[in-house]
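Chain and residue survey
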Amino acid sequence: MLEQQLVNSLMLGSVYALIAVAFTLAIGVLNFLNFSLPGLFMVAGMLTWFLLRAHVAWPLAALLAIGSGGLLGLLVERFTYRLMSRSAHFVPLVTSMAFLILFENLVLIAWGSDLQRVPLPFETVSWRLGPTVIAVPQLIGLACAVLAVALLDVLLKRTRIGRGLRTIAEDPQTAVLLGVPVARVVPLVFVVGGLFTALGGFLFAINYQQASPFMGEEIALKGISAMVLGGMGNIWGAILGGLLIGVVETFSITWFGARAVDIGVYGLLLAILLCLRTALSCRWSPGSSTLASPHSSRSAPTARATFRRPMACIPWLRRWPRSSSVHSWDGWSPSRSCARAASISRLPPSR
Amino acid sequence: MSSLLSVESLSVRYGRVHAVRGASLSVGEGEIVAVLGANGAGKSSLLNGILGLVPAHHGALRFASRDLTGASPPQRIAAGMALVPEGRRIVMSLTVEENLLMGAYLRRDAPAVRKEIEALYARFPNLAARRALLASVLSGGEQQMLAIGRGILARPRLMLLDEPSLGLSPLLVQELFRLLAELNREGLALLLVEQNTRQALRLCTRAYVMELGAIVMQDRPRALLDDQRLVAAYLGGSR
Ligand SMILES: Nc1ncnc2c1ncn2[C@@H]1O[C@H](COP(=O)(O)OP(=O)(O)OP(=O)(O)O)[C@@H](O)[C@H]1O
Ligand SMILES: [Mg+2]
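Residues numbered from 1 in each chain as written. Chains lettered and ligands numbered in written order. Predicted model: local features only at pLDDT ≥ 70, side-chain atom pairs only at ≥ 80, totals over all residues. Heavy atoms only, no water.

**Description of the overall build of chain A**
- A count of helices and strands for chain A gives 16 helices and 4 strands.
- Here chain A, with 351 residues, has 53% of them falling under the buried criterion.
- Restricting to contacts in chain A with at least 6 residues of sequence separation, those with at least 24 account for 79%. (Helix = DSSP H or I, 4+ residues; strand = E, 2+ residues; numbered from the N terminus. Buried < 20%, exposed > 50% of the residue type's maximum accessible area, 1.4 Å probe, protein only. Contact = heavy atoms within 4.5 Å.)

What follows is the structure, encoded as C-alpha cells:
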C-alpha cells in the first residue's frame, strides 16, 4: 500500500517537476516568470486526447503534442520576452498570462469545456513487485522526465550554448560584449521550457487518461511551488521540489481525503520555507546547477531578490524567527548564500 | 600606416545625455592608441559604441578593410575586435576556465582554443591553479588577468581596453603594462582607455584626448606630455 502510493506519487511528482524545470529555466536565465507555461501543458494534454481519439499512431501523437509545446513557446517568446527590452518589466509577465487565458479559450472554443477521457493507445503492461503494481508507461514517463532533465543539465554545464545561457543569466550585458547573440539564444529557453511542459502534459494525459481545458491552471501553482521549493533557477532543485509535492499530495489524499490536499501541499511549502528559511536546494545540493548569481544586481531589478527569497517581501518575517545569516539580503540566492557560509568568497570589485 | 580601424563621427546618446559627440578616430595595424579624458568624458561610451554595445550613430566604421557600419556586436567581434570592459565584468557563476571559453564564444576551432588556453595558463600561473574554481574567488588582479585572457581568446586583431589598471596595486600596474607591450609586440593593436595617464602615454604610439564627449586633441605622446594644459588637467602630481 505504502509502496504503491510512493510509486503513484513519484509519477505525479515527475509531471510537476517537468513544469517546475520549465519555470525555473525561465526565471534563472531570463528573470522572467513565464505564466504561459501551464497553457502549453494543457494544449499538449488536449492535443494528446484529440490525436489519440482520432486514432493517430501514438508515437506520432506524442511527437506532435510535445512538439506543439516548442512551437507555442517560440510564439510566446515573440510576443512577450522580446518586448521586454522596450517595456516596463511587468508587461511581459502580463502578456504571458494573457497567453495562458488565450490558449485556454481557444481550446474551449475548439473542443468544449468537458473533462475528456484519453483513450489508451496500448495495452497497459504492469509489473508486480509483491503487492505493488508498477505500470510500465508510468515507469517510462518517469524515466523520460529524469532523462530530459539530465540532458538539460549537460546542455547547461558542458556546452557552448549552456555557458552562453549561464552568462546571460548572470548578466546579459556581459554576454553581449562577449559576442553571444542574445536575441538568438533566448528563444531556446522558451522552446526547451515549452518542450518540458508539453512532455509533462503528454505524460499526464497518458497516465491519468484525462484531459481538460483547465488542467493547466490546476498544475500552475504546483509547478511554481515546486520551483520555489527547489530554489529558483536550480533545475535539480525543481525536480526535488516537484517530486516532494507529488508525494505530499498523494499521501494527503490517502490520509486526510481529497479536500485536504491543498492544505497539505501548501502547508508543507510554508512550513519548509519558514523552517529552513531557504529553498531545499541550498541544504541538499549546494547549487551547482543554479543558473543565476547575486552579482547580477547590475542588470536585475530588485524584484528578483524578493522572488528568490519569497518571504523577504514581508518585513517582519525577515527578523523572525532568527537571523540565520548576516549577509545582505540583496541579490540573495540560495546556493550562493550557502557557498558564502562555507567559504569566504571575495566581493566583486566595487564600481 | 594602413588603418585597421577607422571610425567617422561616432555619436552615442542615452536619452538626453549626449555622451559622445561625433568622435572620429583611427587605429593603425599593430598600433597602441590611448584615449585620455576626465571622468564622464565619454571614453567608455566611445569603446562601447565602437563594439556596437550601445546605440550609436556613426558615419562609417571600417575595420580590417571591411565596412562594419551596421554590424551587430557578434559580427564585429568575429571580425577581430575584443573588449576588455571597464570593471572587468567577469562572470562570477562560471569557473575560471569557463570564463576563458566564453572569450572564444564565437570561435569554431575548439582544438586551437584548447591550445591557446593552455598557453594562457603558462602565462598566468595564478589562473592555471584556479582553473576549476568559480571566478568569484579570484582577487582583483587575477580577475583583470582573466578579463585580458578572455579578450586574448577571442583572437582579436584589435583589443579595446577600458581602464585595465583600475584598482590594481602599482606593482601590478607595471606588470599589466608590460603584458600589454608584449601583446602588442606579438602583433595585437590596442585601443587603450586609461586614467593612468603617464603610464598610458609611455606605452602608446598616439593618443586622443576627450572632453565632454568630443575628441579635442590628438598627438604623439611626447607632444602631449609637453602640453602644459594637458599636464595640468590630467597628470597633476600623480604618477
Ligand atoms: N547607460 C547610461 N545611461 C545614461 N547615461 C549614461 C550611461 N552610460 C554613461 N552615461 C553618461 O554618459 C557620460 C559618459 O559616460 P562614460 O562612462 O562614457 O564616461 P567615461 O569617460 O568612461 O568616464 P569614467 O572615466 O568615469 O569611466 C556620463 O555623463 C554618464 O553619466
Ligand atoms: Mg569609463
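Structure shown, so let's carry the discussion forward.
**Considering the pairing of strand 2 (residues 17–28) of chain B**
Residue and element names in this part refer to chain B.
- As paired strands, strand 1 (residues 3–14) and strand 2 are joined by 8 bridges and run antiparallel to one another. Residue pairing for strand 2: valine 7 is matched across the bridge by leucine 25.
- Between strand 1 and the antiparallel strand that follows it, strand 2, lie 2 residues; glycine 15 among them carries a positive phi value of about 60 degrees. (Pairing = 2+ DSSP bridges.)

**Notes on the interface of chain A and chain B**
- Opposite the 27 residues of chain A that make contact, chain B presents 31 residues.
- Buried surface at the junction of chain A and chain B, both sides included, amounts to about 2,600 Å², of which 55% is carbon and sulfur.
- Counting across the chain A and chain B interface gives 2 salt bridges.
- Residue Asp171(A) is joined to Arg89(B) by a salt bridge in which the shortest nitrogen-to-oxygen separation is 2.7 Å. (Buried area = accessible area lost by both parts, 1.4 Å probe. Salt bridge = Lys/Arg side-chain N within 4 Å of Asp/Glu carboxyl O.)

**What to know about the coordination of the magnesium ion (ligand 2)**
All names here are of chain B.
- Listed as protein donors to the magnesium ion (ligand 2) are Ser44 (OG), Glu86 (OE) and Glu86 (OE); their distances from the metal cover 1.9 to 2.8 Å. In this pair, serine 44 is assigned in helix 1 (residues 43–51) and glutamate 86 in the loop between strand 6 (81–84) and helix 3 (96–103), connecting sequence segments 42 residues apart.
- Overall, glutamate 86 belongs to the partly exposed group, its relative accessible area being 28%. (Donors = N, O, S within 2.8 Å, 3.2 Å for Na, K, Ca; no water.)

**Examining the packing of aromatic side chains**
- A complete count under the given rule lists 11 aromatic pairs over all chains for this structure.
- Consider the rings of Trp49(A) and Trp111(A), whose centres lie 5.8 Å apart with planes at 80 degrees: the pair is edge-to-face. On the criterion of sequence distance, the pair formed by Trp49(A) in helix 2 (residues 37–53) and Trp111(A) in helix 5 (residues 90–111) is long-range, its members being 62 residues apart.
- Owing to a relative accessible area of 3%, Trp49(A) belongs among the buried residues under this scheme.
- When its relative accessible area of 23% is taken as the criterion, Trp111(A) is described as partly exposed.
- By the ring-pair criterion, three or more aromatic residues cluster together here, those being Phe32(A), Tyr81(A) and Phe190(A).
- Over the face of the ring belonging to Tyr105(B) we find Arg160(A), whose NZ or CZ atom lies 4.6 Å from the ring centre. (Phe/Tyr/Trp six-rings, centres within 6.5 Å; stacked < 30°, edge-to-face > 60°. Lys NZ or Arg CZ within 6 Å of the ring centre and 35° of its normal.)

**Examining a nonpolar patch on the surface**
- A contiguous nonpolar surface patch, about 420 Å² in accessible area, is contributed by Leu2(A), Trp255(A) and Phe256(A).
- Phe256(A) sits in the exposed class, given a relative accessible area of 60%. (Patch = residues over 30% accessible without salt bridge, like charges linked within 9 Å, V, L, I, M, F, W, Y side chains within 5 Å. Areas by Shrake-Rupley, 256 points an atom, 1.4 Å probe, with all protein chains shown as cover.)

**As for the packing of helix 4 (residues 110–123) of chain B against helix 6 (residues 140–153) of chain B**
Residues and elements named next belong to chain B.
- Their axes nearest at 10 Å, the elements helix 4 and helix 6 cross at an angle of 150 degrees. By the angle between their directions, the pair helix 4 and helix 6 is classed as roughly antiparallel. Classified by chirality, the crossing of helix 6 by helix 4 is right-handed. Of the residues in helix 6, those touching helix 4 at Val113, Glu116, Ile117, Leu120 and Arg123 are Gly149, Ile152 and Leu153. (Axes fitted to C-alpha atoms, helices over the stretch in contact; angles between N-to-C directions. Parallel < 35°, antiparallel > 145°, perpendicular 65-115°, else oblique. Left-handed = near helix turned anticlockwise from the far one by under 90°.)

**Some thoughts on the site of ligand 1**
- Taken together, 15 residues are adjacent to ligand 1, and Asn39(B), Lys43(B), Ser44(B), Ser45(B) and Glu86(B) come closest.
- Those residues lying near ligand 1 are distributed over chains A and B.
- Within the backbone of Gly42(B), one N or O atom sits 2.9 Å away from an oxygen atom of ligand 1.
- Residue Glu86(B) places a side-chain N or O atom 2.7 Å away from an oxygen atom belonging to ligand 1.
- In the complex, 62% of the free accessible area of ligand 1, which totals 630 Å², lies under the protein chains.
- Of all the elements in the fold, those that place two or more residues in the shell around ligand 1 are strand 2 and helix 1 of chain B.
- The greatest single-element share of the shell around ligand 1, amounting to 3 residues, is contributed by helix 1 of chain B.
- Tallied by class, the residues present in the shell around ligand 1 amount to 5 nonpolar, 6 polar and 4 charged. (Near = heavy atom within 4 Å. Polar contact = N/O pair within 3.5 Å; in protein donor to acceptor, adjacent residues only side chain to side chain. Nonpolar A, V, L, I, M, F, W, Y, C, P; charged D, E, K, R; others polar.)

**Overview of the nonpolar core**
- Formed by 118 residues in total, the largest nonpolar core has its most connected members in Leu5(B) and Leu191(B).
- When residues in this core are grouped by element, the largest group, 15 residues, is from helix 1 (residues 2–30) of chain A.
- Sequence-distant contacts of Leu5(B), that is, excluding residues within four places in its chain, are made with Leu25(B), Ser26(B), Val27(B), Ile50(B), Leu61(B), Arg62(B), Phe63(B), Met81(B), Leu158(B) and Leu191(B).
- Listed in part, the 45 residues of the second largest apolar core include Ile32(B), Ile152(B), Leu188(B) and Met217(B). (Core = buried A, V, L, I, M, F, W, Y, C linked by side-chain atoms within 4.5 Å.)

**Notes on the environment of Met46(A)**
All names here are of chain A.
- Among the structural elements, methionine 46 can be located in helix 2.
- Here methionine 46 falls in the buried class, since its relative accessible area comes to 0%.
- The spatial distance from the C-alpha of methionine 46 to the C-alpha of glutamine 116 is 8.2 Å, given a sequence separation of 70 residues.
- With residues up to four places along the chain from it excluded, the contact list for methionine 46 reads Val107, Trp111, Gln116, Ala211, Ser212 and Pro213.

**Considerations on the sheet that holds strand 7 (residues 158–162) of chain B**
Residues and elements named next belong to chain B.
- Spatially, the 6 strands line up as an open sheet ordered 6-7-8-3-9-10, and their pairing is mixed. Two strands in the sheet have a free side with no partner beyond their single neighbour: strand 6 and strand 10 (214–219). Sheet twist, expressed as the average angle between the axes of neighbouring strands with direction ignored, equals 20 degrees.
- Bridge count between strand 7 and strand 8 (residues 189–193): 5 bridges; the pairing is parallel. The residue bridging methionine 159 from the neighbouring strand is leucine 190, located in strand 8.
- On top of the sheet, helix 7 (residues 170–185) reaches strand 3 (32–37), strand 7 and strand 8; it is set at about 150 degrees to strand 8, its chief contact.

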